Amino acid sequence: MVSHKIHKDLAHCFAEEVTQSIIQEVDHGVFCLLVDESADVSTKEQVAVVFRFVDKKGIVKERFTGIIHVQETSSASLKCAIDSFFAKHGLSMKKLRGQGYDGASNMKGEFNGLRSLILRENSSAYYVHCFAHQLQLVVVGVAKKHFEVSDFFDKIYVLLNVVGASCKRKDKIREDQRKIIEEGVREGKIKTGKGLNQECSLQRPGNTRWGSHYKTLLRLADLFTSIIKVLEYVESDGLDGFKRCQANGLLKYFHTFDFVFYLQLMLLLLGLTHNLSKALQRKDQDILNAMSLVKSTKQQLCKLRENGWDSIIGKVNSFCKNNNTELFIMEEEFVNPKRPRQRSNITNLHHYQVECFYTVLDMQIQEFNDRFDEINTELLGCTASLSPTDSFHQFDQSKLVRLSEFYPEDFSSMERISFGHQLGIYIDNISEDQRFANLEGLGDLARVMVETKKHLSHPLVYRLLKLVLTLPVATTTVERSFSAMKIVKTTLRNRMGDEFLNDCMVCYTEKEHFDEVTNDMVIKRFQDMKDRRMTL
């Protein structure tokens, strides 16, 4: 029992029981495949596999089913790994009704990507680009295209390298912020209570960490006074000459009107998209609600463009006054810092409102339109007819019949004709039932249909509803599994084998199913693996 081999066999038995429980939960129904790859601590490429499906209770589930080591990340290699995984667990590619990946060419390639290889086998396995990845690409895309915004984020990265270079500088920020909070509490300017005034520091943003840019800017605005003092300390007393020069440049930039303007502008834009990002990361999010959230965010950006100037300039002026930074009079002539002697013939108001505010917002709106092209597809357009919001006011019988034609494997020609006849009875029956009165999305509709046994009265409608709910929204569950991989396989456990890593990750990630596994089930599987010298 103290042997490492026995330990691994027991972990494998637990993992097999958990995986078998998940496959039984799918219950030979349709499901969606979510896949992503990442390198572990041993720089070995690992592919995480997650299934999205609707269970017997009508609830959308996303389950981590395993991690596979691949020698290379070409589309053919990934397809071979997935085929082997399906064959091992007795799954059929014909039951696949959705694919969710990030935007890498080996994944979403239209001709030779994993998406196209699976579509050749199953034309009903529709691909949806991860909404959360697309949202992050919108933020990064704007930062790369607009020179001033790009320069602003470059300065933020330099700040993180200067301030975060030593523990001493981080401690100085914390200590100075503590004194400011204590003084504010004594004067009654800062409220106290549970969870308030927590110790914080600057967070380094990353292009692959959703929402990290927004958190960094929030911390920068909150710790601005403390950060300025630390930069002054580095400039005067720093031992590294290069860091002292960087601190001097940052101090000059942080006292300019440009810095304050872009800080407040990006806080406003990222704040709008941050709420959307958090909503998209929910496991039970359905594609229709995700499209609605994206549409609402675009509308808010358009409203901000039309009516948001006074609000943003008010915040900028307030920040400048509170922190003694440069303050411009909007009616004065704009002076280009790159050509200070050359007349610009435009006012500060024109430069910051038209050339900065409007331009950045137009870029953001254009990126939304370019990235979220799934919203304009016919498949998702027809899906809206199933929505239960506002007493099923979007219900359209012809669109639902058309939606069923996208799934020839699930609806025969006779069933499609029968489906068209049943829709009228379905909408009359559902509309008159008060239990369906205040539903918010497709997930709620499926759950209530099962609870009220309506899925038995309208089986074809429920079948179509399950297919739509199976469509992926984001690969958040896959990304979370990679976070778990960093906990399971660490630098001190970097020689962990692939099978043992998979077993540990399945048990660690799917705790709900793991808790249901009994010792008797594991003992039986353990004894059946091979002949043992003794019986447990």
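Keep in mind the model is a prediction, meaning the values are calculated, not measured.

A.B. asks: Whenever I open this one, the overall build of the protein confuses me. Can you help?
C.D. replies: Helix and strand counts for the protein stand at 25 helices and 5 strands. Along the first, second and third principal axes, the C-alpha atoms of the protein reach 75 × 65 × 50 Å. Out of the 536 residues belonging to the protein, those deemed buried represent 50%. Within the protein, counting contacts between residues at least 6 apart in sequence, those at least 24 apart form 68% of the total.

A.B. asks: How do you make sense of the pairing of strand E4 (residues 96-101) when you look at a structure like this?
C.D. replies: Here is the key point about a regular strand: its side chains alternate between the two faces of the sheet. Burial of E4 is extensive: 6 of the 6 residues sit out of reach of the surface. Of the strand pairs in this sheet, strand E1 (residues 31-39) and E4 are connected by 4 bridges, and their pairing is parallel. Paired with phenylalanine 31 across the two strands is leucine 96, which belongs to E4.

A.B. asks: Help me out: how do you make sense of the layout of surface pockets in this one?
C.D. replies: Regions of empty space are outlined by a rolling probe, equal in size to a water molecule, passed over the atoms. Approximately 440 Å³ is the volume found for the second largest pocket. Every residue lining the second largest pocket is counted, 24 residues in all, and those nearest its centre are Leu288, Met291, Ser292, Lys295 and Gln394. For the lining of the second largest pocket, the secondary-structure elements that each account for two or more residues are helix H12 (287-307), helix H14 (348-371) and helix H15 (378-383). At 8 residues, H12 tops the list of elements feeding residues into the lining of the second largest pocket. Here the residues of the lining of the second largest pocket sort into 9 nonpolar, 11 polar and 4 charged.

A.B. asks: So what exactly am I meant to see when it comes to the packing of helix H22 (residues 476-488) against helix H23 (residues 498-509) here?
C.D. replies: Axis angle and axis distance: for two packed helices, these are the angle between their axes and the distance between the axes, and together they describe the pair. At a minimum axis separation of 10 Å, H22 and H23 run at an interaxial angle of 115°. Handedness of the crossing formed by H22 with H23: right-handed. The segment H22 lies against H23, with Ser481, Ala484, Met485, Ile487 and Val488 engaging Leu501, Cys504, Met505, Tyr508 and Thr509. The class makeup of the residues in the contact of H22 with H23 is 8 nonpolar, 2 polar and no charged.

A.B. asks: Any chance you could explain helix H17 (residues 397-404) here in plain terms?
C.D. replies: Note on helix geometry: an α-helix contains 3.6 residues per turn, so any two residues three or four positions apart are oriented the same way. Residues of H17 that are buried: Leu400, Leu403 and Ser404. Burial along H17 is one-sided: seen end-on, the buried residues are contained in an arc of 100°. Among the structural elements, H15, helix H18 (413-431) and helix H21 (459-470) are those in contact with the buried residues of H17.

A.B. asks: Got a minute to help me understand helix H5 (residues 131-145) in this structure?
C.D. replies: For H5, built from 15 residues, the straight-helix expectation of 21 Å at 1.5 Å per residue is met to within 8% by its first-to-last C-alpha distance of 21 Å. Summarising burial for H5: 12 of the 15 residues are buried, a large majority. The complete set of buried residues in H5 reads Phe131, Ala132, His133, Gln134, Leu135, Gln136, Val138, Val139, Val140, Gly141, Val142 and Ala143.

A.B. asks: Even after reading the chapter, I still don't get empty space enclosed by the protein, so can you show me in this structure?
C.D. replies: If you walk through the whole model with that rule in mind, you get 1 cavity of 30 Å³ or more. In this structure, the largest cavity encloses a volume near 110 Å³. Of all the secondary structure elements, the ones that give two or more residues to the lining of the largest cavity are H5, helix H8 (212-222) and helix H11 (257-280). A class-by-class count of the residues in the lining of the largest cavity yields 6 nonpolar, 7 polar and no charged.

A.B. asks: What's the story with the pairing of strand E2 (residues 45-54) in this structure? I'm lost.
C.D. replies: Burial of E2 is extensive: 9 of the 10 residues sit out of reach of the surface. Turn length for the E1-E2 hairpin, with the two strands adjacent in sequence and antiparallel, is 5 residues, and the turn residue threonine 43 shows positive phi of about 55°. Where E2 meets strand E3 (residues 60-69), 9 bridges bridge the pair, whose relative direction is antiparallel. Its bridge partner lying in E3, alanine 48 is registered against isoleucine 67. Hairpin connection from E2 to E3: 5 residues lie between these consecutive antiparallel strands, with glycine 58 at a positive phi of about 80°.

A.B. asks: Looking at this structure, how should I read the environment of lysine 57?
C.D. replies: Take lysine 57: it is sitting in the loop between E2 and E3. C-alpha separation for the pair lysine 57 and glutamate 451, spaced 394 residues apart in sequence, amounts to 7.4 Å. Other than its neighbours up to four places away in sequence, lysine 57 contacts Arg447 and Val450.

A.B. asks: What am I meant to see in the environment of threonine 225 here?
C.D. replies: Summarising the element assignment, threonine 225 is placed in helix H9 (residues 224-237). Along the backbone, threonine 225 and isoleucine 180 are 45 residues apart, and their C-alpha atoms lie at a distance of 9.1 Å. Apart from the residues lying within four places of it in its own chain, the contact partners of threonine 225 are Asp176, Ile180 and Asn323.

A.B. asks: Is there a simple way to explain the sheet that holds E1 in this structure?
C.D. replies: Paired through their backbone hydrogen bonds, the strands of a sheet run either parallel or antiparallel. As summarised here, the arrangement of the 5 strands in space is E3-E2-E1-E4-E5, forming an open sheet in which the pairing is mixed. Across the chains shown, the open sheet's two edge strands, defined by having one partner strand only, are E3 and strand E5 (126-129). On average, adjacent strands in this sheet sit at an angle of 25° to one another, irrespective of strand direction. Across the sheet, helix H2 (residues 75-88) is in contact with E1, E2 and E3; its angle to E1 comes to roughly 125°. Set on the sheet, H21 makes contact with E1, E2, E3 and E4; between it and E2 the angle comes to about 155°.

A.B. asks: Just checking my understanding: could you explain the nonpolar core for this structure?
C.D. replies: Side chains of nonpolar character tend, in soluble globular proteins, to be buried together. Within the largest apolar cluster, 112 residues are counted, with the highest numbers of intra-cluster contacts made by Phe131, Phe152, Leu231 and Phe261. Take this core: its biggest share by element is 14 residues, from H11.

A.B. asks: What is the right way to read the packing of aromatic side chains from this model?
C.D. replies: The description of an aromatic ring pair uses the distance of the two centres, along with the angle that the planes make with each other. For the coordinates displayed, the defined rule picks out 28 aromatic pairs. When the ring of phenylalanine 411 is compared with that of phenylalanine 419, the centres are 5.8 Å apart and the planes differ by 50°; the resulting orientation is tilted. A single burial state applies to phenylalanine 411 and to phenylalanine 419, both of which are buried. An aromatic cluster of at least three residues, connected via ring pairs, comprises Phe257, Phe261, Tyr262, Trp309, Phe328, Phe334, Tyr352, Phe357 and Tyr358. Taking NZ or CZ as reference, arginine 402 lies 4.5 Å from the ring centre of phenylalanine 406, over its face.

What counts as what
- Residues numbered from 1 in each chain as written.
- Predicted model: local features only at pLDDT ≥ 70, side-chain atom pairs only at ≥ 80, totals over all residues.
- Heavy atoms only, no water.
- Helix = DSSP H or I, 4+ residues; strand = E, 2+ residues; numbered from the N terminus.
- Buried < 20%, exposed > 50% of the residue type's maximum accessible area, 1.4 Å probe, protein only.
- Contact = heavy atoms within 4.5 Å.
- Pairing = 2+ DSSP bridges.
- 1 Å grid on protein atoms, 1.4 Å probe; cavity = no way out; pocket = protein on both sides within 12 Å on 5 of 7 lines; lining within 4 Å.
- Points joined across faces, edges and corners; volume = space filled by probe spheres on them.
- Nonpolar A, V, L, I, M, F, W, Y, C, P; charged D, E, K, R; others polar.
- Axes fitted to C-alpha atoms, helices over the stretch in contact; angles between N-to-C directions.
- Left-handed = near helix turned anticlockwise from the far one by under 90°.
- Arc of directions from axis to C-beta.
- Expected span 1.5 Å × (residues − 1).
- Core = buried A, V, L, I, M, F, W, Y, C linked by side-chain atoms within 4.5 Å.
- Phe/Tyr/Trp six-rings, centres within 6.5 Å; stacked < 30°, edge-to-face > 60°.
- Lys NZ or Arg CZ within 6 Å of the ring centre and 35° of its normal.

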